[in-house]
Amino acid sequence: MPIHTLAQAGKYVAEGRGIVVDLDLEAFFDRVNHDILMSRLAGRIGDKRLLRTIRRFLQAGMMQTGVCIRRHEGTPQGGPLSPLLANLLLDDLDRMLEARGHSFCRYADDVNIYVRTRAAGERVMASVAEFLQGRLHLRVNQEKSAVAPAGDRKFLGHRLLSDGSLGIAPQSLRRAKQRVREITRRNRGISLARMVGELNGFLAGWVTYFRHARCASQLRRLDGWIRRKLRCVRLKQCKRTKAQADFLRSLGVPERRAWILALSGKGWWRKSLSYQATEAMTLAWFEGQGLVPMTDRYLALQLTGNRRGT
């Protein structure tokens, strides 16, 4: 499971191996060598009929621009068998790293090797790249691979802090915010209730995945940003000036202040941060709309985890 892999990686960093050799295998699932893979399978499976079936699976044609093209390398993606076969192929890499005494973590084709110095990391990077190319016919993507402090790299969406604990990688936060932007686009033409439902569905899974990270403060900021996005959407749904004023007044904003905002020439995004908007669309109002804050989900998951631990 990813959490076990991340926990082991955190132990390596806490022990002082703060430099990571972050290996990215170039187009891994597209470059798996069929002959090498089948030879590994033949050493473990004695049923020739099963081996022939797997070979046919590997060589199944793929559609490109409407034409079926025969496959000579790589594994068909999307099925449950491809990751298993690829994992078997990379078992050679695991054995080599273990034989050399390296501290490493691998999850599918994500490989991180932890060392104490950058010089050691550069040597490991060169030797592993040579092994992958010569033994498994796999190439390391030089642009995406790096030798760097562990906290500067992303592993399974997380960032390893200096004490070995987990944080959320900046790239993961950016992708989450981009998905929120897509859901809360003001020109989608859907109800706020449906928008909130889509947000809840996405955020519940996202927070659950990162429940072991130290991220409460980040989630609080993200919660505030999401509420502002929804305030912006709700104000724009009013469209006309009078409808805006009536909506704000219905939520307790005094008439004069409601009209000041409604008549304002500010854009929707600036209006969403106004005192009137936050006075009207409070935390209680969002709760009434069904929005579940990520911070609440996160703390509930932490509490559940602590109870199980005891």
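Everything below is about the structure printed above this text.
Cut-offs and rules
Residues numbered from 1 in each chain as written. Predicted model: local features only at pLDDT ≥ 70, side-chain atom pairs only at ≥ 80, totals over all residues. Heavy atoms only, no water. Helix = DSSP H or I, 4+ residues; strand = E, 2+ residues; numbered from the N terminus. Buried < 20%, exposed > 50% of the residue type's maximum accessible area, 1.4 Å probe, protein only. Contact = heavy atoms within 4.5 Å. Areas by Shrake-Rupley, 256 points an atom, 1.4 Å probe, with all protein chains shown as cover. Axes fitted to C-alpha atoms, helices over the stretch in contact; angles between N-to-C directions. Parallel < 35°, antiparallel > 145°, perpendicular 65-115°, else oblique. Left-handed = near helix turned anticlockwise from the far one by under 90°. Nonpolar A, V, L, I, M, F, W, Y, C, P; charged D, E, K, R; others polar. Pairing = 2+ DSSP bridges. Salt bridge = Lys/Arg side-chain N within 4 Å of Asp/Glu carboxyl O.

Draft legend 1. Highlighting the overall build of the protein. Regarding its fold elements, the protein presents 16 helices and 8 strands. Residue burial in the protein is summarised as follows: out of 310 residues, 43% are buried. Long-range pairs, those at least 24 residues apart, make up 69% of the contacts in the protein between residues at least 6 apart in sequence. If you sum the accessible surface of the protein, you get close to 16900 Å²; carbon and sulfur atoms cover 50% of it.

Draft legend 2. Looking closely at the packing of helix 8 (residues 170–183) against helix 9 (residues 192–209). As a packed pair, helix 8 and helix 9 sit with axes 10 Å apart at the nearest point and diverge in direction by 165 degrees. In terms of their interaxial angle, helix 8 and helix 9 are classed as roughly antiparallel. Our pair here, helix 8 against helix 9, has a crossing hand that is right-handed. Across from Ser172, Leu173, Ala176, Arg179, Val180 and Ile183 in helix 8, the residues of helix 9 making contact are Met195, Glu198, Leu199, Phe202, Leu203 and Trp206. A breakdown of the residues in the contact of helix 8 with helix 9 according to their chemical character gives 9 nonpolar, 1 polar and 2 charged.

Draft legend 3. Highlighting the sheet that holds strand 4 (residues 103–107). Reading across from one edge, 4-5-1-6 is the order of the 4 strands in this open sheet, with antiparallel pairing throughout. One side of each edge strand has no neighbouring strand; the edge strands of this open sheet are strand 4 and strand 6 (146–149). Sheet twist, expressed as the mean angle between neighbouring strand axes with direction ignored, is 20 degrees. As paired elements, strand 1 (residues 19–24) and strand 5 (residues 110–115) share 6 bridges and run antiparallel to each other. Paired with Ile19 across the strands is Val115, a residue of strand 5. Seen against the sheet, helix 1 (residues 2–14) touches strand 4 and strand 5 and runs at an angle of roughly 160 degrees to strand 4.

Draft legend 4. View of the environment of Phe247. By the secondary structure assignment, Phe247 is in helix 11 (residues 241–250). Residue classification places Phe247 among the buried positions, given a relative accessible area of 10%. When the C-alpha atoms of Phe247 and Leu235 are compared, they prove to be 8.4 Å apart, with 12 residues separating the residues in sequence. Beyond its immediate sequence surroundings of up to four residues, Phe247 is in contact with Arg234, Leu235, Cys238, Met281 and Trp285.

Draft legend 5. Summary view of the pairing of strand 1. Taken across its 6 residues, strand 1 has 5 buried, putting it largely inside the fold. Examined bridge by bridge, strand 1 and strand 6 share 4 bridges and lie antiparallel to one another. In the strand pairing of strand 6, Ile19 is matched with Pro149.

Draft legend 6. Up close: the pattern of salt bridges. Overall, the coordinates contain 11 salt bridges when judged by the stated rule. We note a salt bridge from Asp22 to Arg153, for which the minimum N-O separation is 3.0 Å. With Asp22 in strand 1 and Arg153 in the loop between strand 6 and strand 7 (158–160), this residue pair connects regions lying 131 residues apart in the sequence. Assessed through its relative accessible area of 23%, Arg153 is described here as partly exposed. Across the pair Lys242 and Asp246 runs a salt bridge whose closest N-O atoms are separated by 2.7 Å.

Draft legend 7. Spatial organisation of the side chain of Gln276. Examined against the element boundaries, Gln276 turns out to sit in helix 14 (residues 275–280). Non-local contacts of Gln276, meaning those with residues more than four positions away in its chain, are made with Leu248, Val253, Arg257, Ile260 and Leu261.

Draft legend 8. Structural view of the environment of Tyr209. Along the chain, the position of Tyr209 falls in helix 9. For the pair Tyr209 and Ile3, spaced 206 residues apart in sequence, the C-alpha separation works out to 9.1 Å. Contact partners of Tyr209, with chain neighbours within four places excluded, come to Pro2, Leu156 and His158.

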